[in-house]
Amino acid sequence: MRSLDGQPTSARSVFEVEARRHDRTVERLLRLQAITAALAGARTPAEIASTIIDQGMPALGAEVGVVARLSADGCTLRNLGFKGVSSETEADWAEYPVDSPVPVAEAARVGAPVVVPTREERNARYPVLASVHGVEHGGAVVAYPLVVEARTVGSLGFCFPASRAFDADDHAFLLAMAQQCALAIERVRWHEVAEQEIAHRRASEEALRARERELTALVAELKQTQGALRDADRRKDEFLAMLAHELRNPLAPLVNAVELLEVAGPSTPVVARARAIMSRQIGHMGRLVDDLLDISRISRGKIALSVERLDLVELARATALDYRPLLEARGVRFELALPVAPVWLRADATRLAQAIGNLLQNANKFTDDGGSVRLSVVPDGARGAVSVEVADTGVGMDPALLERIFEPFTQADQSLARSRGGLGLGLALVKGVVELHGGSVRAASAGVGRGAAFTITLPLGSAAPRSAAAPRSAAGPSASSARRILIIEDNVDAADSLRLLLERRGHAVSVAHSGADGVVAARTARPDVILCDIGLPGEMNGYGVARALRGESAMEGTLMVALTGYGQDEDRKLASAAGFDAHLTKPVAQATLERLLAELAPSPEAARAAGG
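Residues numbered from 1 in each chain as written. Predicted model: local features only at pLDDT ≥ 70, side-chain atom pairs only at ≥ 80, totals over all residues. Heavy atoms only, no water.

For the rest of this paragraph, the subject is the overall build of the protein chain. A count of helices and strands for the protein chain gives 18 helices and 18 strands. Across the 612 residues of the protein chain, 42% fall into the buried class. Partitioning the intrachain contacts of the protein chain with sequence separation of at least 6 by distance along the chain shows that 66% fall at a separation of at least 24. Total accessible area computed for the protein chain in this model is approximately 31900 Å², and 56% of it derives from carbon and sulfur atoms. (Helix = DSSP H or I, 4+ residues; strand = E, 2+ residues; numbered from the N terminus. Buried < 20%, exposed > 50% of the residue type's maximum accessible area, 1.4 Å probe, protein only. Contact = heavy atoms within 4.5 Å. Areas by Shrake-Rupley, 256 points an atom, 1.4 Å probe, with all protein chains shown as cover.)

The subject of this paragraph is the sheet that holds strand 18 (residues 582–585). Strand pairing in a sheet relies on backbone hydrogen bonds. The paired strands run either parallel or antiparallel. Read from one edge of the open sheet, five strands run 15-14-16-17-18, paired in parallel fashion. The open sheet has two free edges, formed respectively by strand 15 (508–512) and strand 18, since each of these has just one partner strand. The sheet shows a mean angle of 20 degrees between the axes of neighbouring strands, direction not considered. The pairing of strand 14 (residues 484–488) with strand 16 (residues 529–532) spans four bridges and is parallel. Paired with Leu486 across the strands is Ile530, a residue of strand 16. Those strands touched by helix 15 (residues 542–550) are strand 14, strand 16 and strand 17 (559–564), and its axis lies near 175 degrees from that of strand 17. (Pairing = 2+ DSSP bridges. Axes fitted to C-alpha atoms, helices over the stretch in contact; angles between N-to-C directions.)

All right, on to the pairing of strand 14 then. If a strand is regular, its side chains alternate between the two faces of the sheet. The element strand 14 is extensively covered by neighbouring structure, given that four of its five residues are classed as buried. Bridge analysis of strand 14 against strand 15 gives five bridges, and the strand direction is parallel. When the bridges of strand 15 are listed, Ile487 appears paired with Val511.

Moving on to the environment of Gln568. Structurally, the position occupied by Gln568 is in the loop between strand 17 and helix 16 (569–578). Sequence separation between Gln568 and Thr585 is 17 residues, and the spatial gap between their C-alpha atoms is 9.1 Å.

Now for the pattern of salt bridges. Across all of its chains, the model carries 28 salt bridges by this definition. For Asp369, the salt bridge identified is with Arg330, shortest N-O distance 3.1 Å. You can see Asp369 sitting in the loop between helix 10 (349–366) and strand 10 (372–380) and its partner Arg330 sitting in the loop between helix 9 (312–328) and strand 8 (333–337), a full 39 residues away along the chain. (Salt bridge = Lys/Arg side-chain N within 4 Å of Asp/Glu carboxyl O.)

This brings us to the nonpolar core. Membership of the largest hydrophobic core comes to 41 residues, with the highest contact counts inside it found for Leu312, Leu345, Leu360, Val373, Leu375, Phe454 and Ile456. Counting residues per element, the ones that place at least two in this core are helix 9, strand 9 (344–347), helix 10, strand 10, strand 11 (385–392), helix 12 (426–436), strand 12 (440–444) and strand 13 (452–459). Aside from chain neighbours lying at most four places away, what touches Val373 is Leu327, Val332, Arg333, Phe334, Glu335, Leu360, Ala363, Thr367, Val390, Ala391 and Asp392. Judged by nonpolar contacts, the second largest core, of 34 residues, contains Ile48, Val142, Phe160 and Ala178. (Core = buried A, V, L, I, M, F, W, Y, C linked by side-chain atoms within 4.5 Å.)

So, on to the packing of helix 15 against helix 16. Between helix 15 and helix 16, the shortest axis-to-axis distance is 8 Å and the interhelical angle comes to 25 degrees. By the criterion of interaxial angle, the relationship of helix 15 to helix 16 is roughly parallel. Along the contact surface, helix 15 presents Tyr543, Ala546 and Arg547, while helix 16 presents Asp571, Leu574, Ala575 and Ala578. Here the contact of helix 15 with helix 16 is built from residues that sort into five nonpolar, no polar and two charged. (Parallel < 35°, antiparallel > 145°, perpendicular 65-115°, else oblique. Nonpolar A, V, L, I, M, F, W, Y, C, P; charged D, E, K, R; others polar.)

Time to look at the sheet that holds strand 2 (residues 76–83). With antiparallel pairing, six strands are arranged side by side in an open sheet as 3-2-1-6-5-4. In this open sheet, the two edge strands, each paired with only one partner strand, are strand 3 (95–97) and strand 4 (114–116). Pairs of neighbouring strands in the sheet enclose a mean axial angle of 25 degrees, with direction left out of account. Strand direction decides the pairing type here: strand 1 (residues 64–70) and strand 2, joined by six bridges, are antiparallel.

The next point concerns the packing of helix 13 (residues 492–504) against helix 17 (residues 590–600). Packing of helix 13 against helix 17 leaves a shortest axis separation of 12 Å and a crossing angle of 60 degrees. With respect to helix 17, the axis of helix 13 lies oblique. For the pair helix 13 and helix 17, the crossing hand works out as right-handed. Between helix 13, through Leu498, Leu501 and Leu502, and helix 17, the contact on the second element is made entirely by Gln590, Leu593 and Glu594. Looking at the contact of helix 13 with helix 17 residue by residue, the classes come out as four nonpolar, one polar and one charged. (Left-handed = near helix turned anticlockwise from the far one by under 90°.)

Now for the packing of aromatic side chains. What the rule picks out here adds up to two aromatic pairs. When the ring of Trp93 is compared with that of Tyr96, the centres are 5.3 Å apart and the planes differ by 65 degrees; the resulting orientation is edge-to-face. The class for Tyr96 is buried, based on a relative accessible area of 6%. When the ring of Phe160 is compared with that of Phe166, the centres are 5.3 Å apart and the planes differ by 65 degrees; the resulting orientation is edge-to-face. (Phe/Tyr/Trp six-rings, centres within 6.5 Å; stacked < 30°, edge-to-face > 60°.)

Such coordinate-based values are descriptive only and should not be taken to indicate function.
Here it is in structure tokens:
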């Protein structure tokens, strides 16, 4: 019997070869099973590499084993396991380019097995390995790519101590190991990706929770801040109301005293000039108090307009009459340019007059003696609007100031002397009032020293005029219009000055300085009119006086007027609810009071006629 190469052989030798081949096949199958079991529990690439190398080296008779992983960009190999070499060599070859001249790099690069059976071929093809093992040492090398779904993820390789041939069983074993190794590496990679994604999501969730905690704390802080701001705003309003009350209380007797000087004082030029000065300054202080309160009410939306159809031309003319003396007294030329025909719109006459008046007051303040101020009204039917302009030749403004001139407390005069005065509220009030009417206001100036112009634009109303009301008599009080008036006022100066003024007008006046005394005085001698302060000392304030007297039949014909320093809308509502017929804010001009008496309080003769 001869072998395949023609050499004589015996039946026994053939049997022994087949037996060894069978044993090797069984051993390798067992190792593949061990590899499968070990890889199933592997959690890291290093564990996978260690399993492959530990099982592959003894099964193949190799002296060196390596498993490398290809980077995501396909440019670099990183050894996951490298056994059978020195620690220096392992460190030097921990990571290397995929185009390096070594078998595992070539297998990964070309995607096919690399088989070098002899030492001579190894030395020729891979001189680097010859320098590691030595030219006279080592032998065959083999490397297989690690492929998953036609995608190379790395390679494995083995070096042998001598030259050797590789049969079909060797290649089948190497291919099986490569396939299992590739699948395990890919599984671990996906596990790593999943863990990274989970870690990222956990980090994101924790960041979101931390952000939610921050937002919750921020919301709580904002709520606390809002509460503090509301409390501060409420305290500010209370302070402003009290400040206005405390300022108006001394203003009331001053106004009364000035009017007393006018009707009873000596008519010398010096007295007349002093009286004019006092009147102007008291009026200025009154406007400051009103502005301070109005800007607060506008900012909180607390002003309700009393809208009616009105002629803007007549309103502008009447407002101009109030300010013309102030301007002309300083030698400022005042021009009025109004249309001949009425200009109708729907507005609150008092508030709109206040806005135009504030512009005229501003022009008066910032126009030097000898300058000029012009008030004009220009309707634009095509646009359905009308413009009211106040232009002056005064100090003008820097362009940067125009952008914020309507903000509260903005001052055009920033000098240390502050010679122009004011709180910087007038223009802010103009803006607030005009916007409440659905209009707008703008400022223009060519620069410092070149004057300024302020233009209010308002929507037009219906052109149909209202029927004219019968004019009221302008005649002063007569003996038949004298009233019995009770003043309930704790401020002695305010009460006495008002009493003197009313008595000069022919009225019979009595005074009480507390709520309780006022109720007694009213019941003792029923008055035609009660002028009652609100902030009275003791347990009974002005509201208490009104509630105590309003329900009595003897007081049905008595006019009850709240005369107080509290002038906000809420104060007016409280006065009306308590039973007052009217609410006047201190200081009150005598003409205003007389007009109210003429309109609301019946004369004694009329009262007697009504009683039959």
